[in-house]
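Per-entry structural report
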Amino acid sequence: MNTDTYLHVAQGEFQLLRFPVEKSEKLRAWDAADEYLLNDVAPKIALLTQAQVLIVNDSFGALALALHAFKPCSVSDSFISQQATEKNLALNQLDKESVSLFDSLNYPREKFDFILIKAPKTLAFLEDILLRLQSLLKPDTQVIMAGMVKNMSPAVWQTLERLVGKTTPSKAVKKARLIYASPDTNRSIADNPYPVVYPLENTQYQICNHANVFSRQRLDIGTRFFLEHLPQDNKYQQVVDLGCGNGLVGLIFAAQNPQAKIDFIDESFMALASAEQNFKQLASEHRARFIAADALSDFSADSVDLILCNPPFHQQNTIGSHIAMRMFKQAKQVLRTGGELWVIGNRHLGYQASLKKYFAKVELVASNAKFIVIKAT
Ligand code: SAM
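Residues numbered from 1 in each chain as written. Predicted model: local features only at pLDDT ≥ 70, side-chain atom pairs only at ≥ 80, totals over all residues. Heavy atoms only, no water.

1. Thoughts on the domain arrangement of the protein chain
According to the domain assignment, the protein chain contains domain 1 (6-181) and domain 2 (196-376). For domain 1 versus domain 2, the distance between C-alpha centres works out to 31 Å. Taken residue by residue, the interface counts 24 residues in domain 1 and 19 residues in domain 2. Taken over both partners, the interface formed by domain 1 and domain 2 buries close to 1900 Å², and the fraction arising from carbon and sulfur atoms is 56%. It is D77, F79 and K121 that lose the most area in domain 1 upon contact with domain 2, and together they represent 31% of the buried surface on that side. The interface formed by domain 1 and domain 2 holds 0 salt bridges in total. There are 7 residue pairs in polar contact (both at pLDDT 80 or more) connecting domain 1 and domain 2. Going through the elements one at a time, α3 (79-91) and α4 (123-132) are the ones with two or more residues in the side of domain 1 that touches domain 2. Of the residues assigned to the side of domain 1 that touches domain 2, the class counts are 9 nonpolar, 8 polar and 7 charged. (Domains from an automatic or database assignment. Contact = heavy atoms within 4.5 Å. Buried area = accessible area lost by both parts, 1.4 Å probe. Salt bridge = Lys/Arg side-chain N within 4 Å of Asp/Glu carboxyl O. Polar contact = N/O pair within 3.5 Å; in protein donor to acceptor, adjacent residues only side chain to side chain. Helix = DSSP H or I, 4+ residues; strand = E, 2+ residues; numbered from the N terminus. Nonpolar A, V, L, I, M, F, W, Y, C, P; charged D, E, K, R; others polar.)

2. Some details on the pairing of strand β13 (residues 261-266)
β13 sits mainly inside the fold: 5 of its 6 residues count as buried. As paired strands, strand β12 (residues 238-242) and β13 are joined by 5 bridges and run parallel to one another. Across the sheet, residue V239 finds its bridge partner in β13, namely I262. The β-α-β motif built from β12, the intervening helix α7 (residues 248-256) and the parallel element β13 has right-handed crossover chirality. As defined by bridge partners, β13 adjoins strand β14 (residues 287-292) across 6 bridges and the pair is classed as parallel. Note that in β14 the partner of F264 across the bridge is F290. For the segment spanning β13, helix α8 (residues 269-279) and β14, crossover handedness is right-handed. (Buried < 20%, exposed > 50% of the residue type's maximum accessible area, 1.4 Å probe, protein only. Pairing = 2+ DSSP bridges. Right-handed = clockwise from strand over helix to strand, strands pointing away.)

Shown next, in the form of structure tokens:
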């Protein structure tokens, strides 16, 4: 691995890996916004004897590790980010207990002196974060949001102004920027609009979507095409909805295949909460589990009859097919002999060729101008 794994900031030097670890990893586990934030906040935190620090949306634990001396709370929607934080703490011989991890639906309850937010990918998720942390703000809480300039649109600032208070920008350094927000004690906050619900076309289902869920406002056109071609057979007993998002694929499959026991897997806590809520619309004899995991890492070999997958094309802000490839490789190990992996993808992604690396038989089930559904056995 030639990538730099040592973060040097005002708080010290820390070794940080991205997770899952890839042999030829080219990307660092932090970015210029993490460095900027840590160096900026160091002298400010030092002024308080026992600063209460909340970190939101850390990537692989850079913020939590560097600030471990303050025993911060760290909130994330990502199971992989939480795992990375724990593994990177261990890698640096730091006590696991020095950071308290919370998922994005369960924030801590105390008030904080510093709330450090790594800019999330969407405005909806930012809005949800800011609404959830209202009761954690004191009049003198210092809220600092860090991100790469390209991800900090005017709407990001406006959302911070609306839900926290007056904002001041830093200058840009290495294409990263900080926005400081001080709580306006007279701010009036509306109710959290998330989760949002839409009716699923041609069905009786209402689909619940938390703020950080894929295609939360409407049915994705790829998912729609997949739903039209899901398999139906009594032979499918043990089934996985891999990267389930709001769980639509598993929900419709379950409705058509009531004998199946379905494991919904996602690395987003909000996705799983949405999927679980949506599954409740089926009759109680339908069986399912909702598991926060990095793809199929926790599954034993030869244990599954069918895997349904609409693969992700990015990890945090990094776009690429590497997660899809890992999912295909793991699927091959986890499927029983004769088991099937069904994948939906954009035509141009070339999933057929990738699947042929792992599976003896790769068939085209359906295609339209944009998407293909593939069955690999
Ligand atoms: N199945 C849903 C659908 O078709 O509408 C969502 C598909 S979305 C393209 C991909 C999903 O994979 C996202 O919900 C994302 O959170 C999840 N995901 C990304 N990386 C993952 C990983 N390593 N393990 C499990 N899920 C992951």
